[in-house]
Each structure stands twice: as C-alpha cells, then as structure tokens.
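Reading the structure
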Amino acid sequence: MQSVDVVVLGAGAAGLMCAIEAGRRGRRVLVFDHADRIGKKILISGGGRCNFTNIHCRAESFLSNNPHFAKSALARFTPADFIALVEKHKIQYHEKTLGQLFCDRSAQDIVNMLERECREANVRIVTGTKIASVDEAKNTAAEHSYRFVVETSSGSFGATSVVVATGGLSIPKMGATGFGYQLAEQFGLGIVPYRPALVPLVFDPHDHERWCDLSGVSAEVIASADGAKRPVKFREKMLITHRGLSGPAILQISSYWQPGKAIELDLAPDARVLASLYAGNARRDRSMALAAVKSVLSTRLAERWLTVFPPAGWSNIALDKFERDLHAWKIVPAGTEGYAKAEVTAGGVDTAELDAKTMESRRVPGLYFIGEVVDVTGWLGGYNFQWAWASGASAGRVA
Ligand SMILES: Cc1cc2nc3c(=O)[nH]c(=O)nc-3n(C[C@H](O)[C@H](O)[C@H](O)COP(=O)(O)OP(=O)(O)OC[C@H]3O[C@@H](n4cnc5c(N)ncnc54)[C@H](O)[C@@H]3O)c2cc1C
C-alpha cells in the first residue's frame, strides 16, 4: 500500500484549492476524481466564463443552519486572495454586475491556473478513479504513519488526512454524486437535509396554463419568500419558462423557498404604476391601465396581467388593490426543476460537526469536509466558488 499525507477526494474547486495549500506546505498530496478531467463544473460555470468570486462576499450571503460558521474561513481566504492568484497567472477578468468577477476569456483559464499551482506544489492528481471505500486504519500510528485507508480502482492508499471535496448532487449527468454525504454518515456525522438550490421553479397546472405560453418573457422584479428564516429580497431579472419561472431573481429566492409556501414578486419595483389614473380628469379604463402597466412590463406580460387580474372596477379602492397586487404577486410553486437544473445543493454535512477554522471533523480527527458538501450555500454571483476556495484553503493549511 502506498502512503501519503493527504488524500483529497474530488478534483473540483474546493479539492484543488485544498491540495494546492497542503502541497505548498510540503505535504504529499494525492487527489482522486472519478471524472475523466478535473474541474468540470468550473468549466461550465458562469456560462463558460466562470464567475470565480464576488468582491462583496460576506457571511450574510450564505445559507446555513449556523449563519456564523462560514465567517472564519471566508476571513482567512478572501476574494482579494483569489484575485491575487488570478492576477499572478495574468488571467484577464472583469466585473459584470453586483461585484461578480468573470474571466474575460474562458473558465478554462481558472482550471489551467489550478492545475499549474498543483504541479508547482507537487500535488498528484489521478482522474478516472472510483473510490471504493474510506476507513480508519485498523492498526494505530505505532505501526503505520497513516490514519485512513482509501481503497480505489487505482489501488489502496494510506493517508494521515482525508479531505472530502466531492461536492453536491446538482447536475448528476456531470458526475455529481452523494458520496460525500454517505461518507459523513458512515463516520457518524450529522447531515442537514439537502435539497436543490439556485434552481428554476415549476408552476402548478393552473399557473402553467395561465403563463407558460409567455415563455421567454422577462421582467425586473424584487423576489422574496414567505416564511424564510431570514427575510431576504433580491432585485434582479425574472424569466418565464415553459415550465415555470427562472432568471437570477428566481434562482436566488429558490434557495429560501419552502415547499408549500409562496414566493412573492414585486413586478414594478419603485414604480407607482397607475399614478396617472388618479389625476383629476384622467380617463379610467382598460386601455389607460394597459398603457400604465406597459410602462413597467413587456407588452405581452402587461396584457396577460390585465386579463388574469383585471381591476375589479375603476374606483380608487379597486385601483389601489390592482396596484398592491402588481407589487405582491404571490405564487405557490409546485416544485423545482430538481438537481438536473440546480446550480447547487443546499444543506449537507452539519457545520456543528466541523471546526470552523479548519473544516476538520470534531469526531474523526484527520477527516475534513470542504466546499459544497458542507451545509454552506452561497447566493448566485460567485459566492459558491468563494466558499469552495475559502473552505479548501482552510483545510489545506492544516491537513
Ligand atoms: C451550471 C453551473 C454553473 C455554476 N456557475 C457558478 C459560478 O459562475 N460561480 C459560482 O460561484 N458558482 C457556480 N456554480 C456552483 C459551483 O460550481 C459549485 O458550488 C462548486 O463547483 C462547488 O465546488 P466543490 O469543489 O465543492 O464541488 P465540485 O466542483 O462539484 O467538485 C466535486 C468533484 O468531486 C468529484 N466527485 C463526485 N463524486 C465523486 C466520487 N464518488 N468519487 C470521486 N470523485 C467524485 C466530481 O467529479 C467533481 O470533480 C455553478 C454550478 C453549476 C452546476
């Protein structure tokens, strides 16, 4: 059996960053991935340009049962630290919107950068390898220098530390597995129930009938979710799809949505849409209302809105209600598009099981969990990669 200091399971964002940090410390690091190449999700991220961080990154932009857990790792490896790495490799990048940094050229630049850093830190990466099992070594350190035995399709390996960086369940067709959750359970660690997040929502049949032929129509909205543990609002684009709703505002709020509860959309942020109809001698009829609604929504959506929710009359009370409804469209989605379309998996390894500075299991010394497999989920906009880099670096500095 070969023995190394650190075995990292998963050559994604978190695993590679961890391997780089550990390798730089002179640790003998071996990274396994069952995929045929490293960083597959990085390559498809951000529409192929990888939104690799967000300069406004704060713990408040993450969901977790323990909202304080991510603070330590995020402070130890900041967006500025990752930007320094990107600049060291002369990768051109730009801010798109809301602090989101993207590669000018291609996400491949980020993967190349990580691969090169791994090489310089003497990290060995083995792709196309199935992990059969991970167990604590039966005999103790007196006999071996390792704590764990990792059985793989490429052989058996002893390791002092095992870092689980196998990500979540989103996009199974790219090789996502629940392996990290299984390992956590095997070692007796608690799991926060996991679910698809940053995911399009699906209408019930009634709303499907009403809206889905408008597929492709978008609007700027403010989205919020009923009953969310922490009241949050996202002002971004919403898109009607052939099954329901998508677009950044919907993806963001989907992470907070609870099945059976409503999401609420303000379709006319900041506008008093019908203001002109309140003027002393203003005409009050459908065409005037339509013209007013068209000033904030596309023609097709405005027309449909008036058909589905016509004013109950032309009194001030009826117009007040119409205005209120436009700012508070309540929809109870039938569900989400699931892991096949979700950008991330929320929930995961319970942070109460992990040391916030190192990501090491409190129960099983030498076992670490990093990245998306942990119950820390970022907003859309580069936050999930920043968590992957930060949690990976934290573990890599001690593993
Ligand atoms: C379409 C899409 C676009 C995205 N765009 C962005 C973006 O622009 N910005 C952003 O911040 N976030 C984005 N994300 C989210 C981001 O990709 C993830 O949060 C991040 O990749 C998580 O990093 P990770 O290392 O924890 O997991 P992953 O990057 O998923 O890496 C896990 C690795 O483990 C391997 N693995 C899994 N199971 C096993 C097993 N049983 N044996 C061996 N290996 C295994 C996988 O092959 C994979 O290489 C996007 C996600 C998707 C799906």
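Our subject in this report is the structure included herewith.

About the cut-offs
Residues numbered from 1 in each chain as written. Predicted model: local features only at pLDDT ≥ 70, side-chain atom pairs only at ≥ 80, totals over all residues. Heavy atoms only, no water. Helix = DSSP H or I, 4+ residues; strand = E, 2+ residues; numbered from the N terminus. Near = heavy atom within 4 Å. Polar contact = N/O pair within 3.5 Å; in protein donor to acceptor, adjacent residues only side chain to side chain. Areas by Shrake-Rupley, 256 points an atom, 1.4 Å probe, with all protein chains shown as cover. Buried < 20%, exposed > 50% of the residue type's maximum accessible area, 1.4 Å probe, protein only. Contact = heavy atoms within 4.5 Å. Pairing = 2+ DSSP bridges. Axes fitted to C-alpha atoms, helices over the stretch in contact; angles between N-to-C directions. Phe/Tyr/Trp six-rings, centres within 6.5 Å; stacked < 30°, edge-to-face > 60°. Lys NZ or Arg CZ within 6 Å of the ring centre and 35° of its normal. Core = buried A, V, L, I, M, F, W, Y, C linked by side-chain atoms within 4.5 Å. Domains from an automatic or database assignment. Lys, Arg positive; Asp, Glu negative; His and termini not counted. Salt bridge = Lys/Arg side-chain N within 4 Å of Asp/Glu carboxyl O.

Side note on unusual backbone geometry
Despite not being glycine, Cys50 has its phi angle at roughly 50°, a positive value. Residue Lys90 is not a glycine yet carries a positive backbone phi of 55°. Following the sequence through the fold, Lys90 ends up in the loop between α4 (79-88) and β5 (93-95).

Focus on the site of the ligand
The environment of the ligand is formed by 30 residues, the closest being Ala14, Asp33, Thr177, Glu372 and Phe385. Contacts to the ligand include Asn384, whose backbone N or O atom sits 3.4 Å from an oxygen atom. Measuring from an oxygen atom of the ligand, one finds a backbone N or O atom of Phe385 at 2.8 Å. For the ligand, the protein covers 92% of the area, taking 1,000 Å² as the surface of the free molecule. Put simply, the parts of the chain that give the shell around the ligand at least two residues each are α1 (13-24), α2 (40-44) and α12 (383-396). Examining the composition of the shell around the ligand, we find that four residues originate from one element, α12, more than from any other.

Observations regarding the side chain of Asp5
Looking at the element boundaries, Asp5 is found in strand β1 (residues 2-9). Of the residues examined, Asp5 reaches a relative accessible area of 13% and is grouped as buried. Those residues in contact with Asp5, other than ones at most four positions away along the chain, are Gly26, Arg27, Arg28, Ala159, Thr160 and Ser161.

Some remarks on the pairing of strand β13 (residues 218-225)
Here β13 lies mainly inside the structure; six of its eight residues are buried. Here six bridges tie β13 to strand β14 (residues 234-240), and the two strands are oriented antiparallel to one another. Residue Ala223 lies in a different strand from β14, and its bridge partner there is Phe234. With four bridges connecting them, β13 and strand β16 (residues 263-266) associate as antiparallel partners. Counterpart to Ala223 in the pairing with β16 is Leu265.

Here's the deal with the sheet that holds strand β3 (residues 51-54)
Note on sheets: strands pair through backbone hydrogen bonds, and any given pair is parallel or antiparallel. Across the sheet, which stays open at both edges, the three strands sit in the order β3-β6-β5 with antiparallel pairing between neighbours. Since the sheet does not close on itself, it has two edges, and those belong to β3 and β5, each with one partner. Each adjacent strand pair in this sheet contributes to an overall mean axis angle of 25°, direction not counted. Taken together, the three bridges between β3 and strand β6 (residues 100-103) define a ladder with antiparallel strand orientation. Counterpart to Asn51 in the pairing with β6 is Phe102.

A look at the packing of aromatic side chains
Counting across every chain of the model gives 17 aromatic pairs. Look at Phe32 and Phe157: their rings are 5.0 Å apart centre to centre, the planes differ by 55°, and that puts the pair in the tilted class. One end of the pair, Phe32, is in strand β2 (residues 29-32); the other, Phe157, is in strand β10 (residues 155-164), and 125 residues separate them in sequence. For Phe32, a relative accessible area of 1% corresponds to the buried category. Relative accessible area serves as the criterion here: at 3%, Phe157 is assigned to the buried category. An angle of 80° between the planes, with centres 4.9 Å apart, marks the rings of Phe234 and Trp379 as edge-to-face. Remark: Trp379 occurs in the loop between β21 (377-378) and α12 and Phe234 occurs in strand β14; sequence separation between them is 145 residues. A single burial state applies to Phe234 and to Trp379, both of which are buried. Site record: aromatic cluster; members linked through ring pairs are Phe52, Phe82, Tyr93, Phe385 and Trp389. Here the guanidinium or amino end of Arg272 rests over the ring plane of Tyr278, the centre of that ring lying 4.8 Å away.

Points about the nonpolar core
Membership of the largest hydrophobic core comes to 127 residues, with the highest contact counts inside it found for Ile110, Met238 and Trp389. Here this core spans two domains, and each of domain 1 (2-195 + 347-396) and domain 2 (201-336) adds at least three residues to it. Counting six residues, the second-largest nonpolar core is a separate cluster that includes Leu198, Leu251, Val344 and Leu380.

Brief notes about the side chain of Glu236
With respect to the secondary-structure elements, Glu236 resides in strand β14. Put simply, Glu236 is tucked away with no salt bridge, and the nearest opposite charge, on Lys237, sits 9.5 Å away. Separated by 3.3 Å, the side chains of Glu236 and Gln252 make a polar contact. If we ignore the near neighbours within four places in the chain, the residues touching Glu236 are Leu98, Ala219, Glu220, Val221, Pro248, Ala249 and Gln252.

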